[in-house]
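Here is what each chain is made of, one letter per residue.
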Amino acid sequence: MDIKLKSTLTGHQNPIFCVEKGYYLNTFFTGGNDKGVVEWDVEKNGFKRILCAVTSSVYALKLIPGTAILAIALREGKLLFVDVQEQKLVASLQLGNRAIFALSYIQQKNELLAVGEEGRLYVIDLATYKRIYDLQLSQTTVRSIAVDADETKIALGDKDGWVYLLASEDFHVIERMKLHSLPTTSLAFLQNKLLSGGRDAQLIISDVNQLSNNFSFIPHLFTVYGIYPHPFEPFFATVSRDKSLKFWSNADFALLKNMSRDKMQDGHHLSVNAGIWSEDGQYFFSVSDDKLVKIWELQ
């Protein structure tokens, strides 16, 4: 594979915590410790607009597939739902008083899943924007969540290093296991495997039917903040507090590309907090504590 830096975008005044693909193919969104959610234009290599103002830090963004609705998770425990076409707030939901750290979506049920500092899993019906279920999963922060491709299983990871596997049908816990010695900070399903990354710098591969450390390696020097399978090519990206993003083979987990300041001058120079592939898989967007947004283009 070959991937190169297309552009570096400036404008955020503070660290950026999350990034999400746009409603239009040439756009994407970012949020962090700033006063608003920003929309960017890939074709113009620059700022498009402030989508909406926010009252606290943004920790997660989720564009609801097939709609123009962007869910925005805030530090104050609030969820905002914004129509990005009409640029208007359609709903606001207070889930608790503490931060919401991660969002996911079950398309078959049209439900949004939210987890955060309270250790609860919240389920929101997107037809009504009402909370329909919540479950106390952990006594500590739940930082990561992932839904598998056929939407039958949900994985969640907490601050104590536990990983939980739930059935999406009724949210009962199928299995839980302490896989990491420090917080579980990222999760992704990859074919018949579950990948979990932690503050212990480990990437652990489990079978989706049975949580266990089948295989593990150290992809970064510090915390693995995100794991992002490519939409259709056989590789995935990881981002880390060690300031780098790396690309790995699905088949044997071999390192394909290392995008760090050690390897290239244009890499991030502080923690890389999140990333995401564009819908067509041509671009990877990364965001960092260095207040920069980078667009990486797959050749």
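Scroll up for the structure.
Presented here is a report on the structure given in the accompanying data block. Everything quoted here is computed from the prediction, not taken from an experiment. (Residues numbered from 1 in each chain as written. Predicted model: local features only at pLDDT ≥ 70, side-chain atom pairs only at ≥ 80, totals over all residues. Heavy atoms only, no water.)

1. Some words on the environment of glutamine 87
- Looking at the element boundaries, glutamine 87 is found in the loop between strand E8 (78-83) and strand E9 (88-94).
- Ignoring any residue separated from it by four or fewer positions in sequence, one finds glutamine 87 in contact with Arg49, Ile50 and Leu51.
- Only 3.1 Å separates the side chain of glutamine 87 from the side chain of arginine 49, close enough to count as a polar contact.
- Of the polar contacts made by the side chain of glutamine 87, one reaches the backbone oxygen of isoleucine 50; its length is 3.0 Å. (Helix = DSSP H or I, 4+ residues; strand = E, 2+ residues; numbered from the N terminus. Contact = heavy atoms within 4.5 Å. Polar contact = N/O pair within 3.5 Å; in protein donor to acceptor, adjacent residues only side chain to side chain.)

2. What to know about the pairing of strand E6 (residues 58-63)
- Sheet topology places E6 next to strand E7 (residues 69-74); 5 bridges connect them, and they run antiparallel. Directly across from alanine 60, in E7, lies its bridge partner alanine 73.
- Between E6 and E7, which pair antiparallel one after the other, the connecting turn spans 5 residues, and glycine 66 there sits at a positive phi close to 80 degrees. (Pairing = 2+ DSSP bridges.)

3. Re the sheet that holds E8
- The 4 strands are arranged E6-E7-E8-E9 in an open sheet whose pairing can be described as antiparallel. Of all strands in the sheet, those bounded by a partner on one side alone are E6 and E9. On average, each strand axis in the sheet is inclined to that of its neighbour by 20 degrees, with strand direction left out of account. (Axes fitted to C-alpha atoms, helices over the stretch in contact; angles between N-to-C directions.)

4. Quick look at the pairing of strand E4 (residues 36-41)
- Buried residues dominate E4, accounting for 6 of its 6 residues.
- Where strand E3 (residues 27-32) meets E4, 4 bridges bridge the pair, whose relative direction is antiparallel. Bridge assignment links threonine 30 to a residue of E4, and that residue is valine 38.
- Alignment of E4 against strand E5 (residues 46-53), held across 6 bridges, turns out to be antiparallel. Across the sheet, valine 37 pairs through a bridge with cysteine 52, a residue of E5.
- Linking two consecutive strands that pair antiparallel, namely E4 and E5, is a turn of 4 residues; a positive phi of about 50 degrees is found at asparagine 45 within it. (Buried < 20%, exposed > 50% of the residue type's maximum accessible area, 1.4 Å probe, protein only.)

5. Here's the deal with the sheet that holds strand E10 (residues 100-106)
- Strand order in the open sheet made by the 4 strands is E10-E11-E12-E13, with antiparallel pairing throughout. Each edge of the sheet is formed by a strand with only one pairing partner; in this case those strands are E10 and strand E13 (130-136). Pairwise comparison of adjacent strand axes, ignoring direction, gives a mean angle of 20 degrees for this sheet.
- In this sheet, E13 lies alongside strand E12 (residues 120-125) in antiparallel orientation, the contact comprising 6 bridges. Counted as the bridge partner of leucine 121 is leucine 135 from E13.

6. Here we look at the packing of aromatic side chains
- Applying the stated rule across the entire model yields 18 aromatic pairs.
- With a centroid separation of 6.4 Å and an interplanar angle of 20 degrees, the aromatic rings of tyrosine 283 and phenylalanine 285 are classed as stacked.
- An aromatic cluster is defined as three or more aromatic residues linked by ring pairs; in this entry it consists of Phe215, Phe217, Phe236, Trp248 and Phe253.
- In this arrangement the basic side chain of arginine 143 is found over the ring face of phenylalanine 101, its NZ or CZ atom lying 4.1 Å from the centre.
- The ring of phenylalanine 222 has arginine 241 lying over it, and the distance from NZ or CZ to the ring centre is 4.8 Å. (Phe/Tyr/Trp six-rings, centres within 6.5 Å; stacked < 30°, edge-to-face > 60°. Lys NZ or Arg CZ within 6 Å of the ring centre and 35° of its normal.)

By themselves, these are just geometric observations and shouldn't be taken as functional.
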